[in-house]
Protein chains: 2
Amino acid sequence: MTKPAVTFELVHTCAASGARAGILHTPHGDVPTPVYMPVGTQAVVKAMTSREMKEIGARIVLANTYHLNLRPGADLIAKAGGLHGFMAWDRPILTDSGGFQVFSLAGLRKITEEGVRFRNHLDGSELFMSPEVAVAIQEKLGADIIMAFDVCSAFPCDEKTARDAMERTHRWAQRCKAAHKRPDQALFGIVQGAFSRELRIQSAKVLRDMDFPGYGIGGLSVGEPKDIMYEMLDALMPEMPAHKPRYLMGVGTPDCLLEGVLRGVDMFDCVLATRIARNGTVLTGEGRLVVRNASYKEDFRPLEEGCDCEACQHYSRAYIRHLLKAGEITGARLCSIHNLRYLERLMQGARQAILEDRFADYRADFYRRFDMRGAFNRGMETA
Amino acid sequence: MTKPAVTFELVHTCAASGARAGILHTPHGDVPTPVYMPVGTQAVVKAMTSREMKEIGARIVLANTYHLNLRPGADLIAKAGGLHGFMAWDRPILTDSGGFQVFSLAGLRKITEEGVRFRNHLDGSELFMSPEVAVAIQEKLGADIIMAFDVCSAFPCDEKTARDAMERTHRWAQRCKAAHKRPDQALFGIVQGAFSRELRIQSAKVLRDMDFPGYGIGGLSVGEPKDIMYEMLDALMPEMPAHKPRYLMGVGTPDCLLEGVLRGVDMFDCVLATRIARNGTVLTGEGRLVVRNASYKEDFRPLEEGCDCEACQHYSRAYIRHLLKAGEITGARLCSIHNLRYLERLMQGARQAILEDRFADYRADFYRRFDMRGAFNRGMETA
């Protein structure tokens, strides 16, 4: 048997919590964990270049199978040398399978055991996705880590729907595994089970037995209260194999990142940071700052004192507010740079705290400083 | 008498043409000429950061009094340390007086000898601009070079309208000069005269006698055929003082830049490069390339072979086309970077050719390679 494409090295588990520091070894380099993965839905992290992504310290980015298959198409990307060549990014890439998007973006879905027939959101034409199709597309895209094609359910969700979706997800995970051939990629399974502790535990166990090199935790952050999400994590995490990476999909508010880390999650992704940036909201250690607001009109301080990002090193809140009000692209850029750098620093700090067995203090300090009032509504948490 | 804020050093006049190489000395550094000045209408060159502007080689940028006075306001910018501090740009800046914008953007104008009463294009409220107001605003903005408040006429334009506008421009130039107090700024006069050789010659002479430290050539590239613009330049340039910089306002297609240089123009500005970039059109040595077009779908070459810009060093036409089609900001950014770098290289090459007395060959080589068919319609030439 050949060496797996992606391996996870568990470096340290924090003495006072379940928080873990590790290293994800991939064909395109190592990723220290816990890690927030910026989202490049359409093969670009919105408003950013690859160079800037390296400057903010990103070690891995995510791209979306659903979107890229529609435009520009997987064959084109394969011809460009895969996603790494196409988007000029030589560090690791993870592709989502398209499962979540088929259920959240596409129209007129017909779901059978074979797969999902749907109308795509761009031109309405009918398409079909199945475990085999999703794997074939992801093999063409050529990411280091690819995800199984799963069935997502909404919040709230009745028990039977949740169980059916979970069981189908398990059968589809097996089909993805059978279909996947590229030796330089790792295929992660996805735990489902909606908002039932029992189903989550069952799903974690079934997936664990399938022995994937890593696991996504899907179907959370879809509109449920945060407490329910944390409850699900509390239930399922003990069933996850310790020496495999755990990826909480679509989660990325600062508080949820730390709560995930506390419970042993290693990887996260979320569009929140870049989406709110384009609307003029930035993340700081003290909480959310809506720089578009009139109160920053004559505020010549940086977005966040002490931040080392390009926006904070050179520009004032007053200037960035002006750019946003004037509809200038550069305003969206500077806020995006800052938010991505903020999350990168948050996670680097978390990792260091784990290594020094003081993650509980790190988290407590975050809550002490970060003003949570109205910080993030549920809609913003959804990828 | 104190040393003028801005001085022009005429380094060399090309033996075989009127093309000049010089250096503009300003409080924020030297600008080798001929120079294309990228336009930062709202205190930002659209889609760019200051760092990127330096990387493409820009030595001076332009900003607009009309826009900045409306938003965010000159007092705010003054509090930020002037435009240099506000936009984090420590190289020279030139502000346009707002004359052109009052006549092209604002509504319901009432022009008297005192000034212009108009409704601004943002909220429709009534404002008043005059030579004194335009100078006062530009003193607050704090650019190295500021422009006199002039009266623009359209194309075509009858003789009487053209003469009245020109004569008022001359009287207003005198009022600007009287109003201007900041010793660290240079105030340039503006030659008008519409499309009459006689008026252009007369205007050049009158302005010359007022002894400004530099001269704008206004009212061209407003919709007239290029031949008429060149005819006007041919008429007026011999009347311009040799040791003062000459700035052809609002002109910036590659061919018009070289034609201006040939006739002894030192400075240019135009929004064309960045505007067409955002629409997916780039400039190359071989002509215009509409990278949005389907023909570039699988073209993995850079925008322009041999170009040293960030876009051409890392990304393919196919990728940039994908970004543009997908509505990604990064697509507009990469095209903007390339177009600005293209014009910078074009002008650097022109300067070197002038210094080596081979500008005529440089220009001929440009036309030999550059496909002019449908290259630029008149609308695109207008700032």
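Small disclaimer: the values here were computed from a predicted structure and weren't measured. (Residues numbered from 1 in each chain as written. Chains lettered and ligands numbered in written order. Predicted model: local features only at pLDDT ≥ 70, side-chain atom pairs only at ≥ 80, totals over all residues. Heavy atoms only, no water.)

Q: An account of the sheet that holds strand 2 (residues 20-26) of chain A is needed here, citing residue identities and associated values.
A: Residue and element names in this part refer to chain A. What the 3 strands build is an open sheet, ordered 1-2-3; its pairing is antiparallel. In the strand order of this sheet, the two ends are held by strand 1 (7-13) and strand 3 (29-33), each with one partner. Neighbour-to-neighbour, the strand axes of this sheet turn through a mean angle of 15°, independent of strand direction. Of the strand pairs in this sheet, strand 1 and strand 2 are connected by 6 bridges, and their pairing is antiparallel. Paired with L10 across the strands is G22, a residue of strand 2. (Pairing = 2+ DSSP bridges. Helix = DSSP H or I, 4+ residues; strand = E, 2+ residues; numbered from the N terminus. Axes fitted to C-alpha atoms, helices over the stretch in contact; angles between N-to-C directions.)

Q: Provide a residue-level description of the confidence of the model for chain A, including the pertinent values.
A: Residues and elements named next belong to chain A. On average, residues of chain A score 95 in pLDDT, and 97% of them reach the 70 mark or higher. When the criterion is pLDDT under 50, residues 378-383 qualifies, and its contacts beyond four places in sequence or with other chains add up to 22 contacts. Here the predicted complex scores 0.97 on pTM and 0.97 on ipTM. (pLDDT = per-residue confidence, 0-100. Contact = heavy atoms within 4.5 Å.)

Q: Break down the relation of the copies chain B and chain A for me, citing the residues and quoting the values.
A: The two copies are related by a screw operation: chain B maps onto chain A through 180° of rotation and 0.0 Å of translation along the axis, at an RMSD of 0.0 Å. Accordingly, the operation relating the two chain copies is best matched by a two-fold axis. When C-alpha positions in chain B are compared against the rotation axis, the closest is assigned to I329 of chain B, at 3.6 Å. An overlap of 100% is found between the interface residues of chain B and their copies at the interface of chain A, pointing to a shared contact surface. (Least-squares fit on C-alpha atoms with pLDDT ≥ 70 in both.)

Q: Could you give an account of the pairing of strand 6 (residues 93-96) of chain B, naming the residues involved and the relevant values?
A: All names here are of chain B. Of the two faces of strand 6, the one lined by I93 and T95 and the one lined by L94 and D96 are each fully buried. Here 4 bridges tie strand 5 (residues 61-64) to strand 6, and the two strands are oriented parallel to one another. Counted as the bridge partner of V61 is I93 from strand 6. Relative to strand 10 (residues 145-147), strand 6 is paired through 2 bridges, and the arrangement is parallel. In the sheet register, L94 faces strand 10, and the bridge partner there is I145. (Buried < 20%, exposed > 50% of the residue type's maximum accessible area, 1.4 Å probe, protein only.)

Q: Tell me about the sheet that holds strand 7 (residues 107-111) of chain A, residues and numbers included.
A: All names here are of chain A. The sheet built from 3 strands is open, its strands ordered 7-8-9 with antiparallel pairing. The open sheet is flanked by strand 7 and strand 9 (126-129), the only strands paired with a single partner. If you compare each strand with its neighbour and ignore which way they point, the axes differ by 20° on average. In the sheet, strand 7 pairs with strand 8 (residues 116-119) via 3 bridges, with the strands oriented antiparallel. For I111, the partnering residue across the bridge sits in strand 8 and is V116.

Q: Describe in detail the interface of chain B and chain A, supporting the description with residues and values.
A: Contacts between the two partners involve 40 residues from chain B, matched on the other side by 40 residues from chain A. Across the interface of chain B and chain A, roughly 3500 Å² is buried in total on both sides, 54% from carbon and sulfur atoms. At the boundary of chain B and chain A, one finds 10 salt bridges. Measuring nitrogen to oxygen at the nearest pair gives 3.5 Å for the salt bridge that ties E310 of chain B to R51 of chain A. At the surface where chain B touches chain A, the tally comes to 27 residue pairs in polar contact (both at pLDDT 80 or more). Looking at the side of chain B that touches chain A, the elements that each hand over two or more residues are helix 1 (50-55), helix 3 (74-79), helix 12 (310-314), helix 13 (317-325) and helix 14 (329-355) of chain B. (Buried area = accessible area lost by both parts, 1.4 Å probe. Salt bridge = Lys/Arg side-chain N within 4 Å of Asp/Glu carboxyl O. Polar contact = N/O pair within 3.5 Å; in protein donor to acceptor, adjacent residues only side chain to side chain.)

Q: So, the nonpolar core: which residues are in play, and what are the values?
A: Generally speaking, nonpolar side chains in soluble globular proteins are found buried as a group. Counting residues in each nonpolar core, the largest one holds 219 residues, and the members touching the most others are F359 of chain A together with F359 of chain B. With sequence-adjacent residues up to four places away left out, F359 of chain B is seen in contact with C14, S17, A19, L258, V261, L262, A350, A353 and I354 of chain B. (Core = buried A, V, L, I, M, F, W, Y, C linked by side-chain atoms within 4.5 Å.)

Q: An account of the side chain of Q185 of chain A is needed here, citing residue identities and associated values.
A: With respect to the secondary-structure elements, Q185 of chain A resides in the loop between helix 7 (159-179) and strand 11 (186-191). Reaching out from Q185 of chain A, the side chain makes a polar contact with the side chain of H180 of chain A at a distance of 3.1 Å.

Q: Which residues make up the environment of H121 of chain A, and what values do they have?
A: Residue and element names in this part refer to chain A. Residue position: H121 is located in the loop between strand 8 and strand 9. Classification of H121 as partly exposed rests on a relative accessible area of 36%. Separated by 20 residues in the primary sequence, H121 and Q101 place their C-alpha atoms 9.8 Å from one another. A polar contact of 3.0 Å, which involves the side chain of H121, links it to the side chain of Y66.

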